[in-house]
Each structure stands twice: as C-alpha cells, then as structure tokens.
Amino acid sequence: MFSALWLLFLAVLAVSATSPTRTVKKRWTTVPDTPFITTQDGQFFVNGSAFKFIGTNAYWLSALNTDQDIDNTLAAIRASNFTVVRTWAFNDVDTVPENGTWFQLISNGTLTINNGTNGLQKLDKVIELAQNHGLYVLLSLTNNWSPIAGVDQTLSPGFNPIQARQSSGPTTTLPRNTLSNSYGGMDTYVRNFGGPQEHDQFFVNQTLINAFMNYTGIIASRYANKTNVFGWELANDPRCNSTIPTSSGCQTTDVTRWHQKLATRVKEVDPNHVVSSGNQGYFCADCTKLFPRVVPPAPASSPKPGSPRRSLPEPQTKAKLLKERKAAWKKERERQKRAGVQPAGVKIRGRWTATQTKRQSDLSSDTSAFDGSHGVDSEDIINIPQIGFGSFQLFPDQFNYSSTPPDPSLPAFNQTVQAGLDWIKLHADSATLFNKPVSLTGFGLVTQSNAPFFVPFNTTVAPFGPDTTSSNVTQPFGVTDEQRDDAYNQWIQAGVLGGLQGIIQYQWSQPNLTTQPGTPISTTNNQSDQSPLPDTTGQSPNDGYGLLGEGETAALNTISVAGQAFGPDNA
C-alpha cells in the first residue's frame, strides 16, 4: 500500500519534469542569496535558487519518547526524499500531566512556559535533528480544534454528514497527544481565561490575543536564526467555528484582522522567516476586504507580435460562482434530456422550463466554502503584506469544497476527485492572481482499512471504531487503497502542473517507536472486547490518514527520485 502510493508520487512528478506548465517563465533581476527561505514572484527561494518541495506531516514529532525515535523518524522522512516536514510548535495543557510532553500551561488566566526536557527542549531537538538530516521544518503555532473527550462530541457546521456510529458501549480514551486535536489550541485559551465561552473570542478578545502573542513571540524568537525552519504557520485551520460555540457576529474581517496582527508580531521578532496562515483555503465571494487586491494598470502599448499574452485568473465573486453554477445546471439539464428524463418544472409552449423557485434555489445560494460562513477569506488573508505565502488543505471526508451541486451522473468517488481538482486549481489561480507562492499543506482520504482509526478533527470519537455499535450504519466507510492512490495521483499532478510551490502529504507513519504509558506511543493498543483493532504498539499516531509501513523499503527507493523531479534539492 505504502509502496504503491510513492510510486504514484514518482510517476506524477516525473511527468512534471518533462511536461510544460502554464506558469509564465520570469526573469529575476535580484534573487536573495540567503540560507533562509524567501519568496519572490510567486516562488520560494533559498541560497539564490528556486525551491519547490514535497513534504509530509508529523504533528506528533516532539511527543515521541526518545531523541533516538525523533532521529530515526526524521532520517526515514529524509530518506524518502521529502525536504519539508510540518509539525506542531505548541502543546498546551491546563494541568501539568504526569507523563509526556507539554510546552505551555494555561490555567486561570496565567501562562507558564515549560523549558524543561519534556518541554521546549523537545522541539529544540526536533529542529536540531531535522537540520542534521537536511530537512526544513514548517512550524504551526496553534490549532483551531481542541475538543475535550466526553464533553465535546458534536461536529461543527461545515463537516460533511456521515453515518457515524453513536457510542453506546464502552469507549477507550486515547492518550493525550495521540490525535492532532489533543495538543491544546485556541479553545484552551478561551476556556481558561474566564471570558465568554465563544470560540471567536480568540480572534477579537485583546486579552486572548495578547496571551497568544506572548507564546508566539517566545517561540518565533527562539528559532529566529535557525536556517532549517521553513517558516511559520499562524494556526492549523483557523476559522470562526470550532467545538465550543461561536458568536453570531463572527466575520471574515475578524479573522483577517487577527492574521494581520499575529503576522506582524512574528515578523517583528523573527524577520528571517516567511509566515503563512494555515487555513483551509475557504473563499468569501464579494465579502468586505481589509486588504483588497490592487489591479495593475493595463500596459501602455500592445504586446509585440508573436509575444505571449498573459491573462490573470478572475478573483472569486458571487457573479463568477453563479455563472459556474448556471453552467452546471445547464449541463445537468442536457444530461437529463439525453437520458430521456423529464425535467422538473412547467411546460410552456412545448418547452420544459424550471420554475423560478427551483432556479433560484439552484443558482442563488453559495456553498459554505465560498460564502464566508466559516469566517475565512483566503484571498484577503494572502494579500496581507506580512503573509509571505498562501496555504490550503484538502480533506473531502470532512469538508465540502464544491461551488456547484453534485453531478448525479458521476459516482461519489469521481465527484470527490473532481472537487479536489477544482479546489487545487482555484488555489493555483490564487497564486497567480496575488503573485505569492501557494502550498497544499495537508491532504488525505480515509481508506476502508483505516476507517476504524478515523477520528474527525473536531471530535474525540472514532465513528467507525470497534467499540461503537449501530444498526443503521452503512459499511464500509472510506475509499479503497486503489481509489486513494488514483485520487492522490490526480491531485498531485494537478498541483505540480498548476504551479503550486509545495505539496505536503498527511500524514507520515513510523514503526518501532519506544513505548511509555500515558504517552501517544503507549503500551495500550486501544482495543475493546467487541472488535479489537490491529496491534499498533510502537507505531506513530494514526487518526485515519496514516500510511502504515507496508512496502516501506520499496517506497524509500522510489521517493528519492520522485522528489528530485519536483524541483532542485536545496536542503
């Protein structure tokens, strides 16, 4: 399974090395010759050369139990020819745990930094060992998601509805730091500062902003001179909604303004590294912009005969979305006509016409990825001067990314693939429009074999786990391994050929790790009496997206070639 996936990386990236892209070749007059990652004209640069990358996610790196485990994991990642690893640079607790790693205690409105061997020294070691292996580290400073087991179990608006099993029998609580959402984050600040228990207070309450700025300043200044820190991600998937309620007044401008404040703070203490948002990539058609794009003036004269004409993509507007939706509606009507299906509506003078109500229903409402309901306007955020590059994610098992109604003529899997392709193209277009590099910082699909491990980002419950039962569950959940590989193949190719400057797979899996009770690498197998999971002792955390190590040797041999085909290896 693992080997097949990396063979796909090889095949796709080999194509990218020989196939023309739609990116216009630029001539740089001055390229910064610095060991720090910089950006210019929509690309990354390091040591005077352009830098593109394939990376992987390992949010749990600093939670491993020994330095040797960290070193072995990073060695394996680099041996697979990854050049960037994305990981958490935060680990918040509200009480000091008996075991495991923690970076910051947030309790009753006070903050305490742990500089000990089970604190920030663990992150120091990750960065040190990554440098030894020629790896850049993309550091995320907080998380939108931090549900409490047994308290917060509901999925927030925006998550795709799935026939999840409701827990009716015994459940097993996973050790802290096993899931990506068990490292603290925004809601940990909200819960422990005594103000309104609303998630969006994190973006607008100055006390909370100052508290997070304090932590951000400490971390960013600590690693300001580390050349193998790729850059900073202000948060993983920041948005108005989370596990705890949000206020009715949360706006995209609140989240954008927060980004500007935090990005400014990071650049003040660390001018060496680039800053990104880390958001899901949502758009907000026709929303108020704090940082509107300045349209460049038209050229004074026509281009010379035979010279290429550049046309910029359109920004996201409601008019554009309605145009796309109308085209999809017409396509479906034509399909119905060819199939002999009588369309809904009324017949006027021999022609079937959709009723006004039906047409308005189809064409006037935006989907949540485009209407600002998540409080994220990625086009406004990427245009903040202190934001160096754009980022977005792709997790169709949990979120909806489509701007048009589903195409009933396509199987569900094909619709998922197409939605991903469209999402990637939109962000590749955004890179061109704003002349900043854009990277896909996390993507994945849950396979049927991984379904028992799958825990959505905004919950602590495995809906298809072994200790849950329900008679109305349609099984199996997830795609086959072959479908996953097909989707990844198409998405990676679309990203490479579309002009993305980096692609980061979610997530890395590592075997043979040192176990310790009460840590994410513990001796418990998290099994129940009903239907035990496979023994995962000594394996890295898996929230449903891990690629378990079958065929690892073959994967390491093929990825080394694949990464080189994406771009120069400047690590």
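Not measured: the values here are computed from a predicted model.

### Topic: unusual backbone geometry
In this structure, Gln507 follows Tyr506 across a cis peptide bond, with omega equal to -5°. The topology assignment puts Gln507 in the loop between strand E16 (502-505) and helix H13 (552-566). Phi is positive for Asn81, close to 70°, though the residue is something other than glycine. The residue Asn81 is located in the loop between helix H2 (67-79) and strand E5 (84-88) in this model. Asn81 sits in the buried class, given a relative accessible area of 9%. Its identity as a non-glycine residue notwithstanding, Asn177 has a phi of 75°, on the positive side. Inspection of the secondary structure assignment puts Asn177 in the loop between strand E9 (136-140) and helix H4 (186-191).

### Looking at the confidence of the model for the protein
Residues with a pLDDT of 70 or more make up 72% of the protein, whose mean pLDDT is 81. Note on residues 345-366: pLDDT under 50 across the span, and 32 contacts to partners over four residues away in sequence or across chains. Ignoring residues within four places in sequence, the model shows residues 549-563, a span with pLDDT below 50, making 32 contacts including any to other chains.

### Details of the sheet that holds strand E10 (residues 229-233)
Spatially, the eight strands line up as an open sheet ordered E11-E10-E9-E5-E4-E16-E15-E14, and their pairing is parallel. Strand pairing shows two members of the sheet lacking a second neighbour, strand E11 (274-276) and strand E14 (390-394), which therefore form its edges. Within the sheet, the average angular offset between the axes of one strand and its neighbour, ignoring direction, is 25°. Relative to E9, E5 runs parallel, the two being bridged by five bridges. Along E9, the bridge assignment pairs Thr87 with Leu139.

### Here's the deal with the packing of helix H11 (residues 412-434) against helix H12 (residues 481-498)
When two helices pack together, you describe them by how their axes are tilted relative to each other and by the distance separating the axes. Packing of H11 against H12 leaves a shortest axis separation of 9 Å and a crossing angle of 20°. Relative to H12, the element H11 lies roughly parallel. Here H11 and H12 pass one another in a crossing that is right-handed. Mapping the contact onto sequence places Phe413, Thr416, Val417, Gly420, Leu421, Ile424 and Ala428 in H11 and Gln483, Asp486, Ala487, Gln490, Trp491, Ala494, Gly495 and Gly498 in H12. In terms of residue class, the contact of H11 with H12 is made up of eight nonpolar, six polar and one charged.

### Overview of the side chain of Arg86
Along the chain, Arg86 turns up in strand E5. Its relative accessible area of 2% is what places Arg86 among the buried residues. There is a polar contact of 2.8 Å between the side chain of Arg86 and the side chain of Asn236. Excluding its chain neighbours within four sequence positions, the residues that come into contact with Arg86 are Thr56, Asn57, Ala58, Tyr59, Leu138, Glu233, Asn236, Gln393, Thr441 and Ile504.

### A look at the packing of aromatic side chains
Following the criterion strictly, the structure yields 38 aromatic pairs and no others. Pairing Phe51 with Phe230 gives two aromatic rings, centres 6.4 Å apart and planes at 45°, and the pair type is tilted. Of the two residues, Phe51 is situated in the loop between strand E3 (49-50) and strand E4 (53-57) and Phe230 in strand E10; the sequence distance between them amounts to 179 residues. In this structure Phe230 comes out as buried when scored by relative accessible area, which is 1%. The interplanar angle of 85° and the centroid separation of 6.0 Å between the aromatic rings of Phe82 and Trp508 together place this pair among those described as edge-to-face. With a gap of 426 residues between them, Phe82 in the loop between H2 and E5 and Trp508 in the loop between E16 and H13 connect regions that are remote in the sequence. Given a relative accessible area of 0%, Phe82 falls into the buried group. Aromatic rings pair up to connect Tyr59, Trp88, Phe90, Tyr183, Phe395, Phe454, Phe457, Phe464, Phe477, Tyr506 and Tyr545 into one cluster.

### Details of the sheet that holds strand E6 (residues 92-93)
An order of E6-E7-E8 is seen for the three strands of this open sheet, with the pairing classed as mixed. Sheet topology places E6 and strand E8 (110-113) at the edges, where each strand pairs with a single neighbour. Alignment of E6 against strand E7 (residues 104-107), held across two bridges, turns out to be parallel. Looking across to E7, one finds that Asp92 is bridged to Gln104.

Conventions we followed
- Residues numbered from 1 in each chain as written.
- Predicted model: local features only at pLDDT ≥ 70, side-chain atom pairs only at ≥ 80, totals over all residues.
- Heavy atoms only, no water.
- Helix = DSSP H or I, 4+ residues; strand = E, 2+ residues; numbered from the N terminus.
- Buried < 20%, exposed > 50% of the residue type's maximum accessible area, 1.4 Å probe, protein only.
- pLDDT = per-residue confidence, 0-100.
- Contact = heavy atoms within 4.5 Å.
- Pairing = 2+ DSSP bridges.
- Axes fitted to C-alpha atoms, helices over the stretch in contact; angles between N-to-C directions.
- Parallel < 35°, antiparallel > 145°, perpendicular 65-115°, else oblique.
- Left-handed = near helix turned anticlockwise from the far one by under 90°.
- Nonpolar A, V, L, I, M, F, W, Y, C, P; charged D, E, K, R; others polar.
- Polar contact = N/O pair within 3.5 Å; in protein donor to acceptor, adjacent residues only side chain to side chain.
- Phe/Tyr/Trp six-rings, centres within 6.5 Å; stacked < 30°, edge-to-face > 60°.

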